[in-house]
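Okay, here's what each chain looks like letter by letter:
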Amino acid sequence: MKTDTNQMKSLYEDNGYLSAIHVLDQTEMEQEHQKTELNCKEYTQYNLHNIHMEHEWAMNLASHPNLLQEITAVLGPNVILLDSRFICKYSSSDVPQKEDIVPYVAWHQDIKSWGFEGGSVASVWLAFDDVDTENGVLQVIPGSHKQGVLEHRIAKIPGNMLPSNLEIPKHLVNVEDAVECPLKAGQVSVHDGLTLHANEPNMSDDRKCGFVICYIPTTAYPVKDAECPRTFPASVLVDGTDKFQNFQNNAPKFFKKTF
Ligand SMILES: O=C(O)CCC(=O)C(=O)O
Ligand code: NI
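Residues numbered from 1 in each chain as written. Chains lettered and ligands numbered in written order. Predicted model: local features only at pLDDT ≥ 70, side-chain atom pairs only at ≥ 80, totals over all residues.

- Under the UniProt heading Cofactor (unreviewed entry), the entry covering the protein chain gives this text: "Fe cation". (UniProt positions renumbered as here; feature names shortened; annotations may be inferred.)

Right, here's the structure in full:
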């Protein structure tokens, strides 16, 4: 059953996230080339960055019509794919950890990494494996996107997988309000750039792999920060038109425009 677009948008605006939305079926998730690509453990802990620029299957996933239907519902019709990354957490027995450091993701807001104004970032977590409490489910704080950008500092506990190694200090996070976003393979969660979220370590014996894709409306523009210059080499217009041209359209040749 399709959830009504307006209902989706208003849920997203109220809570700052959506979860357990079905976008891909089993066959689409099990394509041989995806499995091969994701089979190299040492590369996939937090990696395969922006491979939608090199691999048609990844670009097809990031611009899948079912996914874009959800994204345009929350961001409006003109959407840029900004960045993509695989996050795979293997069980600690599969991948030896340095000095017993267990990978986790600290409480953070995605907007802190991007620094945009003029429109919000939406981050999609597309599950390649079922995700539950045991293997480290995404946790969000509903409504936390209404607080604005919070202070971030260097994380205190080693193992934070965020490239910036930042975290929001504990006293600013109402952990008791956190909600889990369990997913079946092929489902997505979507969270706003201001929504507080985190991810515990994978305590199961199995791989937990997700494709994390960030989208922005074409109205968004990067705020210049001399201390943290940012480039967007993988931005691709995936839906609608871009009359603002704040980002280059780096669409790879194999991208089949359907809009
Ligand atoms: O899955 C994770 O470990 C973290 C994901 C995350 O921070 C995000 O999707 O923005
Ligand atoms: Ni995040």
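### A few points about the overall build of the protein chain
Consideration 1: Counting secondary structure elements, the protein chain contains six helices and 15 strands.
Consideration 2: In terms of C-alpha radius of gyration, the protein chain reaches 17 Å, essentially the compact-globule figure of 18 Å for 259 residues.
Consideration 3: A principal-axis box enclosing the C-alpha atoms of the protein chain has dimensions of 50 × 45 × 40 Å.
Consideration 4: Sequence separation of 24 or more characterises 84% of the internal contacts of the protein chain that already satisfy a separation of 6 or more. (Helix = DSSP H or I, 4+ residues; strand = E, 2+ residues; numbered from the N terminus. Rg over C-alpha atoms; globule rule 2.2 N^0.38 Å. Contact = placed C-beta atoms within 7 Å.)

### Observations concerning the environment of Glu 180
Consideration 1: Inspection of the secondary structure puts Glu 180 in strand β10 (residues 179-181).
Consideration 2: For Glu 180 and Ile 141, which are 39 residues apart along the polypeptide, the C-alpha to C-alpha distance reads 8.9 Å.
Consideration 3: Residues within four places of Glu 180 in sequence aside, it is in contact with Thr 133, Val 137 and Gln 139.

### Digging into the site of ligand 1
Consideration 1: Taken together, Ile 87, Val 105, Asp 110, Ser 123, Trp 125, Leu 138, His 197, Asn 199, Gly 210 and Val 212 make up the full set of residues near ligand 1.
Consideration 2: For the shell around ligand 1, the secondary structure elements donating two or more residues are β6 (122-127), β12 (197-199) and β13 (208-217).
Consideration 3: For the shell around ligand 1, the residue count by class is five nonpolar, four polar and one charged. (Near = placed C-beta within 6 Å. Nonpolar A, V, L, I, M, F, W, Y, C, P; charged D, E, K, R; others polar.)

### A closer look at unusual backbone geometry
Consideration 1: Phi at Asn 50 takes a positive value of approximately 55 degrees, unusual for a residue other than glycine.
Consideration 2: When you line up the elements, Asn 50 lands in the loop between β2 (46-47) and α4 (56-62).
Consideration 3: Despite not being glycine, Gln 245 shows a phi value in the positive range, around 55 degrees.

### Digging into the pairing of β13
Consideration 1: Most of β13 is tucked away, with nine of its ten residues classed as buried.
Consideration 2: The pairing of β6 with β13 spans six bridges and is antiparallel. Looking across to β13, one finds that Val 124 is bridged to Ile 213. (Buried ≥ 20, exposed ≤ 12 C-beta atoms within 10 Å, placed from the backbone. Pairing = 2+ DSSP bridges.)

### Section: the sheet that holds β12
By definition, the strands of a sheet pair up through backbone hydrogen bonds, in either a parallel or an antiparallel sense.
Consideration 1: Strand order across the open sheet formed by four strands is β4-β12-β7-β10, with antiparallel pairing between neighbours. The open sheet is flanked by β4 (105-108) and β10, the only strands paired with a single partner. In this sheet, neighbouring strand axes are inclined to one another by 25 degrees on average, regardless of whether the strands run parallel or antiparallel.
Consideration 2: Pairing geometry for β4 and β12, over two bridges, is antiparallel. Looking across to β12, one finds that His 108 is bridged to His 197. (Axes fitted to C-alpha atoms, helices over the stretch in contact; angles between N-to-C directions.)

### Quick look at the nonpolar core
Consideration 1: Among the nonpolar cores identified, the biggest contains 62 residues, and Ile 80 and Tyr 215 are the most heavily contacted of them.
Consideration 2: A per-element tally of this core places strand β3 (residues 79-89) first, with seven residues.
Consideration 3: In this structure Ile 80 touches Tyr 215, Ile 216, Thr 218, Ser 235, Val 236, Leu 237, Val 238, Asp 242 and Phe 247, once residues within four positions along its chain are discounted. (Core = buried A, V, L, I, M, F, W, Y, C linked by C-beta atoms within 7 Å.)

### Considerations on the packing of helix α1 (residues 5-15) against helix α5 (residues 65-75)
Consideration 1: In the contact formed by α1 and α5, the axes pass within 8 Å of each other and the chain directions differ by 60 degrees. By the angle between their directions, the pair α1 and α5 is classed as oblique. The crossing of α1 and α5 is right-handed. Contact residues: Thr 5, Met 8, Lys 9 and Tyr 12 in α1; Glu 70, Ala 73 and Val 74 in α5. (Parallel < 35°, antiparallel > 145°, perpendicular 65-115°, else oblique. Left-handed = near helix turned anticlockwise from the far one by under 90°.)

### Description of the environment of Val 105
Consideration 1: Considering the arrangement of structural elements, one finds Val 105 in strand β4.
Consideration 2: According to the C-beta neighbour criterion, Val 105 is buried, with 22 such atoms within 10 Å.
Consideration 3: The contact partners of Val 105, leaving out residues within four places of it in the chain, are Asn 160, Met 161, Leu 162, Ala 198 and Asn 199.

### Describing the environment of Asn 78
Consideration 1: The topology assignment puts Asn 78 in the loop between α5 and β3.
Consideration 2: Exposure remark for Asn 78: the 20 C-beta atoms within 10 Å place this residue in the buried category.
Consideration 3: Discounting residues that sit within four places of it in the chain, Asn 78 has contacts with Pro 217, Thr 218, Asp 239, Gly 240, Thr 241 and Asp 242.

### Structural notes on α5
Consideration 1: In terms of burial, α5 is largely enclosed, as eight of its eleven residues are buried.
Consideration 2: Immediately downstream of α5, the backbone of Gly 76 shows phi near 95 degrees, a positive value.

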